[in-house]
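Structural characterization, general
For reference, the chains in residue letters:
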Amino acid sequence: MNNECRDQVQPYLQSGEQLIAVCEGEMAPGVPERPVWLRQPPQESELERRIKSRLPGAVQRFLRPSEPKPAGGVERTMEGAELAGDEVMAAQEAECTTKSPSE
């Protein structure tokens, strides 16, 4: 069994589950990457932690990774785009119906 693959999978096993086999795999063409807010930053080494602890506070804050921002609501989806388009169309229709014919 590939030790590196086994080490990657081991944390995801539920209690009582036993890993029987592991093999490497690749994403199929067209399969999207994991969203940024679901990715985990790599773990720091002990040396990196010791060096960062000796840096001034402003530098430590600058080097601290920012929290990933989850996608907010529906604005980043096709449904959100369709809803926004529907709202614009409804506003235009309302504007047309409220105008008098002489305008």
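The coordinates are above.
First, a word on what this report is: a plain description of the structure on this page. All figures in this text were calculated on a predicted structure; none of them were measured in a lab.

The rules behind the values
Residues numbered from 1 in each chain as written. Predicted model: local features only at pLDDT ≥ 70, side-chain atom pairs only at ≥ 80, totals over all residues. Heavy atoms only, no water. Helix = DSSP H or I, 4+ residues; strand = E, 2+ residues; numbered from the N terminus. Buried < 20%, exposed > 50% of the residue type's maximum accessible area, 1.4 Å probe, protein only. Areas by Shrake-Rupley, 256 points an atom, 1.4 Å probe, with all protein chains shown as cover. Salt bridge = Lys/Arg side-chain N within 4 Å of Asp/Glu carboxyl O. Patch = residues over 30% accessible without salt bridge, like charges linked within 9 Å, V, L, I, M, F, W, Y side chains within 5 Å. Lys, Arg positive; Asp, Glu negative; His and termini not counted. Charge placed at Lys NZ, Arg CZ, Asp CG, Glu CD.

Observations concerning the overall build of the protein
The number of helices and strands found in the protein is four helices and zero strands. Reading the secondary structure of the protein in the N-to-C direction produces α-α-α-α. Expressed as a percentage of the 103 residues in the protein, the buried residues total 4%. Accessible area for the protein stands at about 9900 Å²; split by element, carbon and sulfur atoms hold 55% of it.

Digging into the pattern of salt bridges
Opposite charge on two side chains makes pairing possible when the charged atoms of those side chains draw close. Across all of its chains, the model carries three salt bridges by this definition. Ionic pairing is found between E44 and K52, a salt bridge with its closest N-O pair at 2.8 Å. With relative accessibility at 30%, the residue E44 sits in the partly exposed group. Its relative accessible area of 23% is what places K52 among the partly exposed residues. Notably, a salt bridge pairs R49 with E46, separated by 3.4 Å at the nearest N-O pair. With a gap of three residues between them, R49 and E46 both fall in helix 2 (residues 46–53), about one helical turn apart. Its relative accessible area of 40% is what places R49 among the partly exposed residues. The partly exposed category is assigned to E46, whose relative accessible area is 46%.

As for a negative patch on the surface
Negative charge collects at one region of the surface, where E4, D7, E24 and E26 lie side by side. Mapped onto the elements of the fold, E26 is located in the loop between helix 1 (3–9) and helix 2. According to the relative accessible area criterion, E26 is exposed, its value standing at 79%.

Structural notes on a nonpolar patch on the surface
Where nonpolar side chains cluster on the molecular surface, the patch consists of V59, F62 and L63 and spans about 310 Å² of accessible area. Here V59 shows up in helix 3 (residues 57–63).

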